[in-house]
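Coordinate analysis (summary)
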Amino acid sequence: MITDAGPIVLAIETEKAPTTAANFLKYVDGKRLDGTSFYRTVKIQAEPRYGFIQFGTQNDPKRTLSPIAHEPTSKTGLSHVDGAISMAMAAPGSARGDFFIIVGNTPAMDADGANPGYAVFGRVIQGMDVVHRIMDMPTSPTKGEGIMKGQMLEPTIPVKTARRTATSAGGPAS
C-alpha cells in the first residue's frame, strides 16, 4: 500500500482468516482502496503508545462491497498484536470496506466469551514506522461523531494505491 506518509506492506492470512482476507483482497484487486485515505487515529488514553489507525471506503457506495460474515479471532487463532490489520465494524456481520492497523498489543479487541471482538486477517511486515507516523499526525478537535469526535485526522493521509505484490498469488498484499 502506497500512502502519502510512505509504504506499508501487509501479509494477508488467507488460510487462517479466509473470509476476511478474501474481502480485503477484493478491495485490493478491484482498486477500490486507491484514492481512499487514513482518516482516523485512536490512542489508548492510559497508554498513548497503543491504539490504531483506520482507513478505507467510509461507506462510499461506489467503492463499498456487501458486508461479510464475522470471522472472530477465537476461530482464526489470530490476535490484535502490534501491526495486526483488522476489520472495522459496527456489529458482527456489518464489516465492509474499512480497516484498522493496531499499534501495540491490544488483546481486548480479540473475541472472548460473549465479546465477538474484531476480525484480524493479517499484519504489517514493513512500514510500522509509517503506521506510527500516521498515528502521531494531528486530529481535528471538532470532526467526527460520538466516540470518534477528536479522532479524525486533519488532514487525512491518502492511500495512492493498494496492490498485491509479486511474491505470491495468494499470500502477501501491499
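Below is a short write-up of the structure. Since this is a predicted model, take the numbers as computed values, not measurements.

Remarks on the nonpolar core
One finds Ile8, Phe24, Phe38, Phe55, Phe99, Ile101 and Ile134 to be the most contacted residues of the largest nonpolar core, which totals 44 residues. Contact partners of Phe24, with chain neighbours within four places excluded, come to Leu10, Ile12, Leu33, Phe55, Ile85, Phe99 and Phe121.

Here we look at helix α3 (residues 128–135)
Along an α-helix, a turn takes 3.6 residues, which lines up residues three or four apart on a common side. Here α3 has its buried residues at Met128, Val130, Val131, Ile134 and Met135. Take α3 and look down its axis: the buried residues cluster within an arc of 155°, on one side only.

Topic: the pairing of strand β8 (residues 120–126)
The two faces of the sheet receive side chains in turn, since in a regular strand these alternate between them. With four bridges connecting them, strand β3 (residues 9–12) and β8 associate as antiparallel partners. In the sheet register, Leu10 faces β8, and the bridge partner there is Val124. Here three bridges tie strand β6 (residues 84–87) to β8, and the two strands are oriented antiparallel to one another. Looking at the pairing, Ser86 lines up with Val120 of β8.

A word on the environment of Arg40
Relative to the helices and strands, Arg40 resides in strand β4 (residues 37–44). Polar contacts involving the side chain of Arg40 include one to the side chain of Gln151, which spans 2.7 Å.

Details of the side chain of Thr64
Within the secondary structure, Thr64 is located in the loop between β5 (47–56) and α2 (73–76). Accessibility expressed as a relative area gives 10% for Thr64, which makes it buried. Polar contacts involving the side chain of Thr64 include one to the main-chain carbonyl oxygen of Asp60, which spans 2.8 Å.

So, helix α1 (residues 18–29)
With twelve residues, α1 ought to run about 16 Å at 1.5 Å a step, and its terminal C-alpha atoms sit 16 Å apart, in line with that. Turning to α1, its buried residues number three or more, namely Thr20, Ala21, Asn23, Phe24, Leu25, Tyr27 and Val28. In this fold, the buried residues of α1 make contact with β3, β5, β6, β7 (98–103) and β8. Positive phi shows up at Lys31, right after α1, with a value of about 60°.

Description of unusual backbone geometry
Here the bond from Glu154 into Pro155 is cis, since omega is 5°, no more than 30 degrees from zero. Looking at where Pro155 falls in the secondary structure, it is placed in strand β9 (residues 152–161). If you check the backbone angles, Asn59 has positive phi at about 60° while not being a glycine. Here Asn59 shows up in the loop between β5 and α2.

Structural notes on the pattern of salt bridges
Two side chains bearing opposite charge may form a pair once their charged atoms approach each other closely. Counted according to the given criterion, the structure contains seven salt bridges. Residues Asp29 and Arg164 are paired through a salt bridge, measuring 2.9 Å at the closest nitrogen-oxygen approach. Taken together, the positions of Asp29 in helix α1 and Arg164 in the segment after β9 put the pair 135 residues apart, joining distant regions of the chain. Asp29 sits in the partly exposed class, given a relative accessible area of 47%. Here Arg163 ties to Asp34 by a salt bridge, and the two come within 2.7 Å at their closest N and O atoms. Of this pair, Arg163 sits in the segment after β9 while Asp34 is found in the loop between α1 and β4, placing the two residues 129 residues apart along the sequence. Its relative accessible area of 15% is what places Asp34 among the buried residues.

Analysis parameters
All chains use their own residue numbering, which begins from 1 and follows the written sequence. Given that this is a predicted model, residues contribute local features only at a pLDDT of at least 70 and side-chain atom pairs are listed and counted only at 80 or more, while totals for whole chains, interfaces and linings are drawn from all residues. Water and hydrogen atoms were dropped before computing side-chain values, which therefore reflect all heavy atoms in the structure. Side-chain atoms within 4.5 Å are what join buried Ala, Val, Leu, Ile, Met, Phe, Trp, Tyr and Cys residues into a set we call a nonpolar core. Each residue is assigned to one of three classes by its accessible area relative to the maximum for its type, calculated with a 1.4 Å probe on protein chains only: buried under 20%, partly exposed between the two thresholds, exposed over 50%. The contact criterion used throughout is that any non-hydrogen atoms of two residues lie within 4.5 Å. Every helix listed is a DSSP run of H or I at least four residues long, and every strand listed is a run of E at least two residues long, numbered separately from the N terminus. What the arc covers is the set of directions going from the helix axis to the C-beta atoms. Note on pairing: DSSP must find at least two bridges between two strands before they are called paired. Pairs of N or O atoms are called polar contacts if they sit within 3.5 Å, as long as, within protein, a hydrogen donor faces a hydrogen acceptor (for residues adjacent in sequence, only side-chain-to-side-chain pairs). Expected span of a helix, by definition, is 1.5 Å for each gap between consecutive residues, and there is one gap fewer than residues. Only one rule defines a salt bridge in this text: a Lys or Arg side-chain nitrogen within 4 Å of an Asp or Glu carboxyl oxygen.

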